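# Coordinate analysis (summary)
Residues per chain are reported as follows:
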Amino acid sequence: MATYGEGDPPDNAALLCEFLRDEQPNFSGVWFTVFGLGNKTYEHFNETAKMVDKRMEELGAERIFPMGLGDDDANLEEDFMRWREAFLPKVTGQFGWELNTDAEGSRQYRLEWVEEGRPYFKGEFGRLTAYERPRAPFDVKNPYLSTVTENRELHGDESQRSCKHIEFDVSKARIRYDTGDHLGVYPTNDSALVEAIIQLLDFNPDNVFRLINVDEDATKRNPFPCPTTARMALTHYVDICAPVKSHVLRGISEYTSDEKEKAHLQLLSTASEEGLALYNTYIQKERRSIVDILKEHPSCKPDIDHLLELLPRLQARYYSIASSPNKQPDKIAVCAVVTEYDIGSRHIKGVCTNFLRDKPVESNVPIFVRKSQMRLPTRPNVPVIMIGPGTGFAPFRGFLQERQHFKELGKDVGAMHLYYGCRHPDHDYIYKDELEAFVDAGVLTHLECAFSRAQAEKVYVQVRRLKFLQDTK
Ligand SMILES: Cc1cc2nc3c(=O)[nH]c(=O)nc-3n(C[C@H](O)[C@H](O)[C@H](O)COP(=O)(O)OP(=O)(O)OC[C@H]3O[C@@H](n4cnc5c(N)ncnc54)[C@H](O)[C@@H]3O)c2cc1C
Ligand SMILES: Cc1cc2nc3c(=O)[nH]c(=O)nc-3n(C[C@H](O)[C@H](O)[C@H](O)COP(=O)(O)O)c2cc1C
């Protein structure tokens, strides 16, 4: 059970959590245990898991194993592996069941080939015609195929990084958004990585197939939209860039003919101290993806349909909306700093930011709006202090546009103070001209910039804020 927002459940657990919190069902005779996915750097660490654990007990259910709390700031996968390692023997022992670890490797989906000429999914979600004939409402399960109307660099020539301002046209979809909301973006994987997997595993990537759940009563019939091809699944539906999960390593180890390579993959997926330490360095810290693993274990040749079943789904990435619907109701703007780094000789590129980076005007991107709790005060005359270094400024661009709109309508608007921070005024000071224009228009009443690398001493937004408070005492 994950925690998001301000200690909130994820969208697909919201109803369950509401039910547990507000209703009084009798859960006597029900056994339960909870594993939480959270991050210690957040104030409400694993709040959802803790609430579910507490309420289940209060409602009469019997806790058969202590709750586990995963910390994404450290190593969530390791936390889960340790918890599961202790949980499985305890629960099987308690009920007199036999622990069959082989079953973990058994297939959940069966492969069915589809005859040539039949339509198949090429990146759509839900319906085959979802992009040709879009139907509102648009959300995480039904994104809208928007058109890029602007894609420009925000960093100066001297910056070694890239930050893009991108606008999406949503006029035909009549998508409504509020200032402060988030935009979900579905990326596609780098075609070079898709091609690498095709070459390494040597299969026909364009045969059309379905993966069908062997459990006919299961609510999830397919692991991703089917029918499709392996090329489409690798491009749009599965994550081939993230550090490989331990269950994937275990699954593919069964297809490894070289004993040394097989033992390495098995050790990586074992919850022993040695296995966990190896996983931590080799996979987590060095961020090895499935492509790296297949390259470094050349005798590992999993069936592509099994690999596709094992890999996690490619997730949408979220970006703070950097525009106001009052100023531009038909367009949604975001700014995204491109993720790119080297580990040893490997150059690693963030999936979504590199997908967006070179998206030309008129190209298409699947998007949806996700409501957020970040809002301007309802009354326009309430003063606000905004602290947003780097792309953290994004939602405040929307706030400033919104207040400017009210000002132009002749409304009384409150003072707006902005603390903005970046490395150097000539390198990565994003939206500089716009900020100066907001100041000139009297919308942004106080602008403080903190540059961390423009002078000998480091200056950050908190330093500027403290100084302002001291100066105005
Ligand atoms: C609510 C919300 C709002 C957001 N708003 C914005 C926004 O307005 N603008 C913006 O740019 N981003 C924003 N983000 C972040 C954004 O969603 C993505 O996480 C980010 O763009 C990276 O996505 P990616 O697919 O390019 O990278 P991915 O392929 O997802 O890779 C990113 C991962 O790579 C790893 N990584 C990155 N750098 C290094 C390094 N040097 N060494 C080792 N590992 C590294 C980190 O684990 C990181 O999680 C927001 C996130 C959330 C949750
Ligand atoms: C916008 C956002 C808000 C979050 N809020 C919390 C929080 O309040 N408490 C917490 O423990 N973790 C929080 N997290 C961290 C996630 O719970 C953590 O990354 C977890 O691993 C997500 O699991 P999932 O990717 O499987 O959904 C938050 C993450 C994001 C992106």
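None of the values given here were measured: they were computed from a predicted structure. (Residues numbered from 1 in each chain as written. Chains lettered and ligands numbered in written order. Predicted model: local features only at pLDDT ≥ 70, side-chain atom pairs only at ≥ 80, totals over all residues. Heavy atoms only, no water.)

Once that is clear, we can look at the site of ligand 1. In the vicinity of ligand 1 there are 16 residues, among which Arg317, Tyr318, Tyr319, Cys352 and Thr353 approach most closely. Between ligand 1 and the protein, one listed contact pairs an oxygen atom with a side-chain N or O atom of arginine 287 at 3.0 Å. A total of 980 Å² of accessible area belongs to ligand 1 in isolation, and the protein chains cover 61% of it. Elements represented by at least two residues in the shell around ligand 1 include exactly β11 (317-320), β12 (331-337) and α11 (351-357). Per element, the largest residue contribution to the shell around ligand 1 is four residues, and it comes from β11. Per-class residue counts for the shell around ligand 1 are eight nonpolar, six polar and two charged. (Near = heavy atom within 4 Å. Polar contact = N/O pair within 3.5 Å; in protein donor to acceptor, adjacent residues only side chain to side chain. Areas by Shrake-Rupley, 256 points an atom, 1.4 Å probe, with all protein chains shown as cover. Helix = DSSP H or I, 4+ residues; strand = E, 2+ residues; numbered from the N terminus. Nonpolar A, V, L, I, M, F, W, Y, C, P; charged D, E, K, R; others polar.)

On to the UniProt feature "domain: Flavodoxin-like" (unreviewed entry) in the protein chain, then. Sites flagged by UniProt as "domain: Flavodoxin-like" (unreviewed entry) map to residues 1-88. Measuring from the first to the last C-alpha atom of residues 1-88 gives 18 Å, for a span that is 39% helix and 14% strand. (UniProt positions renumbered as here; feature names shortened; annotations may be inferred.)

We now examine the pattern of salt bridges. Under the counting rule described, the total for this entry stands at 30 salt bridges. For arginine 118, the salt bridge goes to glutamate 115, with nearest N and O atoms at 3.9 Å. Residue class for arginine 118 comes out partly exposed when judged on its relative accessible area of 42%. Aspartate 178 is the salt-bridge partner of lysine 371, the closest N and O atoms lying 3.1 Å from each other. In this pair, lysine 371 is assigned in the loop between β15 (364-370) and β16 (384-387) and aspartate 178 in the loop between β7 (163-169) and β8 (182-185), connecting sequence segments 193 residues apart. Connected via shared salt-bridge partners are Glu150, Arg152, Arg397 and Glu434. (Salt bridge = Lys/Arg side-chain N within 4 Å of Asp/Glu carboxyl O. Buried < 20%, exposed > 50% of the residue type's maximum accessible area, 1.4 Å probe, protein only.)

Attention shifts here to the packing of aromatic side chains. Using the criterion set out here, one finds 21 aromatic pairs in the structure. The ring of tyrosine 120 has lysine 122 lying over it, and the distance from NZ or CZ to the ring centre is 4.4 Å. The ring of tyrosine 318 carries arginine 370 above its face, with NZ or CZ at 3.6 Å from the centroid. (Phe/Tyr/Trp six-rings, centres within 6.5 Å; stacked < 30°, edge-to-face > 60°. Lys NZ or Arg CZ within 6 Å of the ring centre and 35° of its normal.)

The subject of this paragraph is the nonpolar core. Most often, soluble globular proteins keep nonpolar side chains buried together rather than apart. In terms of nonpolar packing, the biggest core is built from 46 residues, with Ile197, Leu234 and Ile290 touching the most fellow members. Where this core is concerned, the elements lending two or more residues are α4 (191-201), β9 (208-213), α5 (230-237), α6 (246-253), α7 (259-268), α8 (273-285), α9 (290-296) and α10 (304-310). At five residues, α4 tops the list of elements feeding residues into this core. Both domain 2 (144-187 + 316-370) and domain 3 (191-310) contribute no fewer than three residues apiece to this core. Once residues within four sequence positions are removed from consideration, leucine 234 is found in contact with Asn189, Val194, Ile197, Ile198, Phe203, Ile240, Ile304 and Leu308. Grouped together as the second largest cluster of nonpolar side chains are 25 residues, Ala394, Cys422, Tyr429 and Phe451 included. (Core = buried A, V, L, I, M, F, W, Y, C linked by side-chain atoms within 4.5 Å. Domains from an automatic or database assignment. Contact = heavy atoms within 4.5 Å.)

Another aspect to go through is the packing of α6 against α7. Geometry of a packed helix pair, given as the angle between the helix axes and the separation of the axes. In the contact formed by α6 and α7, the axes pass within 8 Å of each other and the chain directions differ by 155°. Of the possible angle classes, the one that applies to α6 and α7 is roughly antiparallel. Considering only the axes of α6 and α7, their crossing is left-handed. Contacts between α6 and α7 pair Leu249, Arg250, Ile252 and Ser253 from the former with Lys262, Leu265, Gln266 and Leu268 from the latter. A per-class count over the contact of α6 with α7 returns four nonpolar, two polar and two charged. (Axes fitted to C-alpha atoms, helices over the stretch in contact; angles between N-to-C directions. Parallel < 35°, antiparallel > 145°, perpendicular 65-115°, else oblique. Left-handed = near helix turned anticlockwise from the far one by under 90°.)

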